[in-house]
Amino acid sequence: MQNYFQKEIETMPREKLKSLQNEKFMKQIKHVWNDCPDYRRKMEASGVSLEDIKSIDDISKLPFLTKDDLREAYPYAMLAKPLSECVRIQSTSGTTGKRVIAYYTKHDIDLWDECCARALVAAGADKNDVVHVSYGFGLFTGGAGLNGGSHKLGCLTLPMSSGNTDRQLQFMTDLGSTILCCTPSYAAYLGESINERGLRDKIKLKAGIFGAEAWSEEMRKDIEKSLGIKAYDIYGLTEISGPGVSFECSEQTGMHINEDHFYAEIVDPDTLEVLPEGEEGELVFTSLDKEAFPVIRYRTKDICVLKKCECSCGRTFIKMVKPRGRSDDMLIIKGVNVFPSQIEAVLIEQGYQANYQIIVDRVNNSDTLDVNVEMTPDKFTDNLGEVAEMEKKLVSALKAMLGIYAKVHLVAPKSIVRSEGKAVRIIDNRKI
Amino acid sequence: MTVKQISVFLENRYGQLHEITNILAQAGINLTALNIAETKDYGIVRILVDDVAKATDVLIGAGCVVSVNPVQVIAVPNKSGGLNDTLEKIADANIDIEYMYSTVDGVNGEAKLVFKVDKPELLEKTV
């Protein structure tokens, strides 16, 4: 088994990495200034010119880039290469407002595939593995990213896409898939289906790479148990490239950021001041060698902490702890910040399934929070009092975690739609 | 007599009870007793059937949440004061009734009642 996909880079001494980042950054910023007029205007508007940027240490002089900027750039405004050089687009799900389109040259695809190949190796894969990609294919980056990474590593790749669970399980058992890549909610669903059909002895999975959704440690344990595998986290976003911006190694204490391609900062989301290492704040990324769609100081809205520490895996890349949730996912209910991942953690801890739905509404100018939870055989008895008691326990555990009251509704099993891509966990009916 | 009762989780929405009776009917299972305990959001259907193993199988197969547990079936004279006498004996023996309901298969002037109690053995001896 190999330990790294690109040992020299992944284990590069920090000082050498810093100077590599600096060298790449200076090229990237010149490319942006020269080849992306919109970007140059943005920099000029904030009073910065190219001469002010002498090294990567001057990065804090540069303006931030937001999702709104990228939406306004739709379709071609932020393109930094002629269309003839571009070979692919991917796009965000665009659930709110306009979609963001990301462009890739051959070089950009190569770089992205490389990141995903590193993630696969870190999860224990080598070219003998059969990689089962059940992320959606198409505009969504999940399928394309892991598919590309798996090709690069030389694995037999099953471009399953999501859905059609019967076919997923048939291929998984017949072809002997060893690595599963999909969203954590779909992994949980596949685990459920495998156990229901008694196929657990027929699958050869050893590891899974699950991302594109916030998921809790409790959910990780659940998936690991139901599939009998080790579950690895992966992080990324279309705006930066796709999955593989950072990835987990066997230590599983955070995700190594591919720092030779992406420079990470943590800023205070209110003051936008750069925060010292170890403090929690909003994660900001700068691409270091993208051609078609470079991003400088892109605000991810992900709240997390960066950790620079020696890792037992030997990688020198900085680690980011699992984001507490994208601030996009964060709900403000009765003035309190609520992350779906908090609700999920309580459910699993109390022995319920991680399949749930959060319904927020406003009644008489006051927010209401309802959580639909599926009844499970472990929790069910013939005694109404006991069932009601468990429900009450769940309500108090939620109250303790969130600080606000959530009305729990126990619903029939399988009545909450299983997600094949990103789970729709939140229904916000408030008209604000 | 101790018998096995099947309890099924029931979400409070249209057609849920029918879904369950439909699953049982398709499998050719006959119900001999039925009781529903409900809250605003959900309920528990408790049933006695002629084939517990088969009924449990088809219900679980259809995705129902099911629990099987023993209950006591007691024959009570089907006349004025019949139930009253039985309950008096149960009260005197300090047996706590969690819930009870009646079956449809009483014969010979007797009604058969289903009891869930805290001391099933004592109940068998008492009545």
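Rules used in this analysis
- Residues numbered from 1 in each chain as written.
- Chains lettered and ligands numbered in written order.
- Predicted model: local features only at pLDDT ≥ 70, side-chain atom pairs only at ≥ 80, totals over all residues.
- Heavy atoms only, no water.
- Pairing = 2+ DSSP bridges.
- Helix = DSSP H or I, 4+ residues; strand = E, 2+ residues; numbered from the N terminus.
- Axes fitted to C-alpha atoms, helices over the stretch in contact; angles between N-to-C directions.
- 1 Å grid on protein atoms, 1.4 Å probe; cavity = no way out; pocket = protein on both sides within 12 Å on 5 of 7 lines; lining within 4 Å.
- Points joined across faces, edges and corners; volume = space filled by probe spheres on them.
- Phe/Tyr/Trp six-rings, centres within 6.5 Å; stacked < 30°, edge-to-face > 60°.
- Buried < 20%, exposed > 50% of the residue type's maximum accessible area, 1.4 Å probe, protein only.
- Domains from an automatic or database assignment.
- Contact = heavy atoms within 4.5 Å.
- Salt bridge = Lys/Arg side-chain N within 4 Å of Asp/Glu carboxyl O.

Colleague: Outline the sheet that holds strand β12 (residues 298-304) of chain A, supporting the account with residue identities and numerical values.
Modeller: Think of a sheet as strands paired side by side through backbone hydrogen bonds, with each pair either parallel or antiparallel. All names here are of chain A. Pairing is antiparallel across the open sheet formed by 3 strands, whose spatial order is β10-β11-β12. Every interior strand has two partners, whereas the edge strands, β10 (262-267) and β12, have only one. Averaged over all neighbouring strand pairs, the angle between strand axes comes to 30°, with direction disregarded. Relative to β12, strand β11 (residues 281-287) runs antiparallel, the two sharing 4 bridges. When the sheet's bridge partners are listed, glutamate 282 is paired in β12 with isoleucine 303.

Colleague: Quick rundown of the layout of surface pockets? Include the residues and the values.
Modeller: Here the second largest pocket is characterised by a volume of approximately 920 Å³. Forming the walls of the second largest pocket are 34 residues, and the residues nearest its centre are Glu192, Glu196, Gln353, Thr376 and Pro377 of chain A. Breaking the lining of the second largest pocket down by element, the ones donating at least two residues are α8 (184-196) and α9 (217-227) of chain A together with α2 (52-61) of chain B. Among the elements that make up the lining of the second largest pocket, the one with the highest residue count is α8 of chain A (7 residues).

Colleague: Could you give an account of the packing of aromatic side chains, with specific residues and numbers?
Modeller: Residues and elements named next belong to chain A. Inspection of the entire model under this criterion finds 11 aromatic pairs over all chains. For the pair tyrosine 235 and phenylalanine 285, a centre-to-centre distance of 6.3 Å together with 40° between the ring planes defines the contact as tilted. Of this pair, tyrosine 235 sits in strand β7 (residues 230-237) while phenylalanine 285 sits in strand β11; the two residues are 50 residues apart in sequence, bridging distant segments of the chain. Summarising the burial analysis for this pair, tyrosine 235 and phenylalanine 285 share the class buried. A ring pair is formed by phenylalanine 262 and phenylalanine 285, whose centres lie 6.5 Å apart and whose planes are at 75°; its orientation type is edge-to-face. Residue phenylalanine 262 is found in strand β10, and its partner phenylalanine 285 is found in strand β11; the two are separated by 23 residues along the sequence. Residues phenylalanine 262 and phenylalanine 285 agree in their burial class; the two are buried. Among the aromatic side chains, those forming a connected cluster through ring pairs are Tyr76, Tyr103 and Phe293.

Colleague: Outline the domain arrangement of chain B, supporting the account with residue identities and numerical values.
Modeller: Residues and elements named next belong to chain B. On domain assignment, one finds that chain B holds domain 1 (2-69) and domain 2 (71-126). Inter-centroid distance (C-alpha atoms) of domain 1 to domain 2 is 22 Å. Counting from both sides, the interface comprises 12 residues of domain 1 and, opposite them, 12 residues of domain 2. At the surface where domain 1 touches domain 2, the tally comes to 0 salt bridges.

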